[in-house]
Amino acid sequence: MLDLFAVTTKGGIVLWKTSDSAACQKCLQVLFYEAFLSERRNVENSFHQGRFTIQFQESIQNSIVFVVAFQDAKAEAFTQTLLNSMHNVFINLFQEQLQKKKLPTESDILNNFVPLYNAKLAQLSKVSEKEKNNVQETTLLEKPKAPSREKSRNKAHASRQAPPTSKKGKKELRKWDDQLTSEEQEALNYSGKTPDVAPTSSQLSNVIGDTNFQKTKKGDVVIGDLEADPNQNPSATSSTAFSFFSGLIGGKYLKEDDLDPVLKKVQEHLIQKNVANSISLELCKSVKKSLIGKKVGSFESVKQTVNAAFRETLTQILTPSTSLDLLHSIRAVQKNEDRPYTISLIGVNGVGKSTTLAKLAYWLLSNNFRILVAACDTFRSGAIEQLGVHVRNLQSLKGSSIELFAQGYGKDSSFVVKNAVEYAKKNNFDVILIDTAGRRHNDQRLMGSLEKFTKATKLDKIFQVAEALVGTDSLAQAKHFQASLYHRPLDGFIISKVDTVGKLVGVMVGMVYSVRVPIVFVGVGQMYSDLRTLSVDWVVDQLMK
Ligand code: GDP
């Protein structure tokens, strides 16, 4: 009945949500833009987005927002009560932390808030089912006995509508060591057991669109760049920040005094695009350097000069790499070390790790590599099955050169990855793509296990999948992830959901600048073909719009 309940900050940090679906993600995105990110609030506390009704309630003092989204009109009978109740519960539970301007961690929320949410939702849904119109708000004074940490995690994840597991009950076996009995190991070993039902052609058409792969002379299949908006007429300059420079044309030699007021406007424009102050200063400095003492005749020539200055500075900041670099690196390991190449994806839950993994697999399969997908998210219910679905789709699209390696839930991920490497060596796989548990960057326990994971196996590449949408949280995420790797840097970002980014492009630039990690790929949609390499032209285009 209810499609989404979420607790977020006004800045766009999602603290907890019940659904990872793209439609719900879109609801949150619209809410952030329309209610909090744009200069003025464009929506009421209840509004419509496509087929969804979105309602939200703010805790103004704490900048926390409670959101519901639903399609079923019956839900409306209780959503306001649910929002009120959960608002009160949340503030009561985490009052002390919030007063100290600290946000509760995901485990705090899962252990303390989620059981109360589930209880309240069940109660209200029941009442609404019986069509009792006057839903009386009941207080949650009597707190149910706090469930154990693991139990509440399972409950929370179950409420995210994870697909059912093929092995009933196995999800309960959560252990954080690798001390499983041999029977348990056998029962939990899902290797090669991808779901039996082949996807239909209409299911496959949902996962694959037009690729923009290009073939090099040597036969390598490379991923194309993000393209600047082809619909934007380059001469239609009045709507872009380039128009600030129009007053400088006229054939005189430009002096600092001419440029400073214009560059001030450009800087303000960049800050509105969420570009950090230091970066906008650097960009404006480079423009100033390239224009000072010059005589600019036409608008086109000033635009070209500004463009080139931006390009140069942004190229240094973003250090974009090509997909060919990765292909060369894989081939070098094959040739010189004769072992499978390992690529691990890390990141917060829901950012798009498994979808990105499938996109990478699709591209690598197009280069005729044999791929082993290692399911090292042994924690989130349904994570292995979700990967199984991707592998099954890819097998239908690309043949049997891809396989799933999974050893079930509850195992230590460093143990699973070691076994995956052994399995890949024995069975001649070229590349292992490793999915890891999503973790919030401020969850000490899971971040600690990431250190152990990266220490256990030589990983050729560790890419952090980060969502373009999450705003300033990305930066904190990137710093924490970087710090949690064992004696090694992150090799790159894969920024997902760039198709939804709009105003937040500056955050992406800031993130790269601050941790000095390049953007290797960007995701531009939910299909396997929606992977691109970053183009500096695209960034300039977005920033100057
Ligand atoms: P994980 O929990 O990190 O493995 O995340 P998933 O791979 O399950 O992705 C979460 C949601 O984000 C899914 O609905 C994906 O379809 C969606 N998603 C992933 N990448 C992109 C992208 O580049 N663009 C858009 N619009 N959605 C994406």
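Each chain carries its own residue numbering, running from 1 in the direction its sequence is written. Per-residue local features of the predicted model are confined to residues with pLDDT of at least 70, and side-chain atom pairs are confined, for both listing and counting, to 80 or more; whole-chain, interface and lining totals are unaffected and use all residues. Side-chain numbers come from the whole structure's heavy atoms, not from hydrogens or water.

1. Examining the overall build of the protein
Threshold: Only runs of H or I of at least four residues qualify as helices and only runs of E of at least two qualify as strands under DSSP, and these elements are numbered from the N terminus. Residue exposure (1.4 Å probe, protein chains only): buried if accessible area is under 20% of the type maximum, exposed if over 50%, otherwise partly exposed. Contacts are assigned to residue pairs that have any heavy atoms within 4.5 Å of one another. Accessible areas in this description were obtained via Shrake-Rupley with a 1.4 Å probe; residue shielding takes into account the shown protein chains only.
Within the protein one finds 18 helices and 15 strands. Looking at the 545 residues of the protein, the share that counts as buried comes to 54%. If you take every contact in the protein between residues at least 6 apart in sequence, the share linking residues at least 24 apart comes to 74%. Surface exposure of the protein reaches about 24300 Å², of which carbon and sulfur atoms provide 49%.

2. A few points about helix H2 (residues 76–93)
This is how it is decided: Expected helix span is taken as 1.5 Å per residue step, with the number of steps being one fewer than the number of residues.
An ideal rise of 1.5 Å per residue puts 26 Å on 18 residues; H2 measures up with 26 Å between its terminal C-alpha atoms. Taken together, the buried positions of H2 are occupied by Phe78, Thr79, Thr81, Leu82, Leu83, Ser85, Met86, His87, Val89, Phe90 and Ile91.

3. Quick word on the confidence of the model for the protein
Cut-off, in case you're wondering: Confidence of the predictor in every single residue is expressed as pLDDT, which spans 0 to 100.
In this model, the protein carries a mean pLDDT of 78, and residues with pLDDT of at least 70 account for 80%. Per-residue pLDDT, averaged within each element of the protein, yields its smallest value for helix H5 (residues 149–158) (36) and its largest for strand E10 (residues 402–405) (96). Low pLDDT, under 50, characterises residues 132–180; the stretch is placed with 101 contacts to residues that sit more than four places away or in other chains. Segment residues 233–238 is flagged for pLDDT under 50; beyond a separation of four residues in sequence, or across chains, it makes 6 contacts in the model.

4. Brief notes about helix H18 (residues 536–544)
Within H18, 8 of the 9 residues are buried, which leaves it mostly tucked inside the rest of the structure. Listed in full, the buried residues belonging to H18 are Val536, Trp538, Val539, Val540, Asp541, Gln542, Leu543 and Met544. Among the structural elements, helix H8 (256–272), helix H10 (299–318) and helix H17 (505–515) are those in contact with the buried residues of H18.

5. Points about the sheet that holds strand E11 (residues 431–436)
Rules: DSSP bridges decide pairing: two strands pair if at least two such bridges lie between them. A fitted line through C-alpha atoms represents every axis, and for helices the fit uses only the stretch in contact; the resulting angles, taken between N-to-C directions, go from 0 to 180 degrees.
The 8 strands lie next to each other as E10-E9-E11-E8-E12-E13-E14-E15, forming an open sheet whose pairing is mixed. In the strand order of this sheet, the two ends are held by E10 and strand E15 (531–532), each with one partner. Its contacts with the sheet place helix H13 (residues 383–398) against strand E9 (371–376), E10 and E11, and it is angled at close to 165° to E10. Against the sheet, H17 touches strand E12 (461–467), strand E13 (492–496) and strand E14 (519–523), its axis set at about 165° to E13.

6. What to know about the packing of aromatic side chains
Keep this limit in mind: Working definition: a ring pair exists when centres of Phe, Tyr or Trp rings (six-membered ring for Trp) sit within 6.5 Å. Plane angles under 30 degrees give stacked, over 60 give edge-to-face, the rest tilted. Two conditions define a charge sitting above a ring: the NZ of Lys or the CZ of Arg must be within 6 Å of the ring centre, and it must be within 35 degrees of the ring normal.
Inspection of the entire model under this criterion finds 12 aromatic pairs. Judged by centre distance (4.9 Å) and plane angle (65°), the ring pair of phenylalanine 90 and phenylalanine 94 falls under edge-to-face. For the pair shown, phenylalanine 90 and phenylalanine 94 are each scored as buried. Considering the side-chain rings of phenylalanine 90 and phenylalanine 113, the 5.3 Å spacing of their centres and the 80° angle between planes classify their relative orientation as edge-to-face. You can see phenylalanine 90 sitting in helix H2 and its partner phenylalanine 113 sitting in helix H4 (residues 106–129), a full 23 residues away along the chain. For phenylalanine 90, a relative accessible area of 0% puts it in the buried group. The class for phenylalanine 113 is buried, based on a relative accessible area of 0%. For the cation-ring pair, arginine 370 lies above phenylalanine 429, with the distance from its terminal atom to the ring centre recorded as 4.3 Å. Positioned above the aromatic ring of tyrosine 362, the side-chain terminus of lysine 398 is 4.8 Å from the ring centre.

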